[in-house]
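One letter stands for each residue in the lines below.
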Amino acid sequence: MRKVGLLVLVLAVALIPFVQARGPYRLQAIAQFNLVADRGDVRTVTCQYCHVSANGGAPWNAFGNEVRANFKGSIGDALYEALKAMKDADGDGYTDVLEVFAGTLPGDASSKPLVTPQFLMQSLEKAGGVDIYKPK
Ligand SMILES: [Ca+2]
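Cut-offs and rules
Residues numbered from 1 in each chain as written. Predicted model: local features only at pLDDT ≥ 70, side-chain atom pairs only at ≥ 80, totals over all residues. Helix = DSSP H or I, 4+ residues; strand = E, 2+ residues; numbered from the N terminus. Buried ≥ 20, exposed ≤ 12 C-beta atoms within 10 Å, placed from the backbone. Contact = placed C-beta atoms within 7 Å. Axes fitted to C-alpha atoms, helices over the stretch in contact; angles between N-to-C directions. Parallel < 35°, antiparallel > 145°, perpendicular 65-115°, else oblique. Left-handed = near helix turned anticlockwise from the far one by under 90°. Core = buried A, V, L, I, M, F, W, Y, C linked by C-beta atoms within 7 Å.

> Would you mind going over the overall build of the protein chain in detail, with residue names and values included?
The secondary structure content of the protein chain amounts to six helices and zero strands. Along the protein chain, helices and strands appear, N-terminal first, in the series α-α-α-α-α-α. When the 136 residues of the protein chain are sorted by exposure, 24% land in the buried category. Residue pairs at least 24 apart in sequence account for 35% of intrachain contacts in the protein chain once pairs closer than 6 positions are excluded.

> Account for helix H6 (residues 117–127), naming residues and giving values.
With respect to burial, H6 is a largely exposed element, only zero of its eleven residues being buried. Gly128 lies just past H6 and shows a positive phi near 125°.

> Help me get a handle on the packing of helix H2 (residues 23–32) against helix H4 (residues 75–84), residues and values and all.
Between H2 and H4, the shortest axis-to-axis distance is 10 Å and the interhelical angle comes to 50°. It follows from the interaxial angle that H2 and H4 lie oblique. Viewed along their axes, H2 and H4 form a crossing whose handedness is right-handed. Counting all contacts with H2, which are made through Tyr25, Gln28, Ala29 and Gln32, the residues of H4 involved are Ile75, Gly76 and Leu79.

> Go over the nonpolar core, please, and point to the residues and values.
Grouped together as the largest cluster of nonpolar side chains are 21 residues, with contacts concentrated most on Leu79 and Leu83. Tallying contributions element by element places H4 first for this core, with six residues. Those residues in contact with Leu83, other than ones at most four positions away along the chain, are Asp96, Val97, Val100, Val130 and Tyr133.

Okay, structure coming up:
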């Protein structure tokens, strides 16, 4: 029994870097997408921009898979390339960049803006277009 406990402890310690390694990706997305940062222990931004689960990890949603397909070593570049592609990953009628601009989830079709895509696009263009999401 003691050996099992030790094994669990060793595995838990060994897995910590893999769990924490994703923190920087999340922080990059918060900075790059101009999202509201966390307040204390309250996570104001979920991992669900890219992941199916609010806790991150596999699997990824449709937008997360777009980001992964664009990943060549820089998460900032991968996020920007995914938005520049002007795709609608979740098929809800709003391109991914418009969803990020509106603060809705680009990989979840049940989360979408309340205004028209045309209105959002005009607002995004006035704000500087997709270039406002270049890596920071
Ligand atoms: Ca959506």
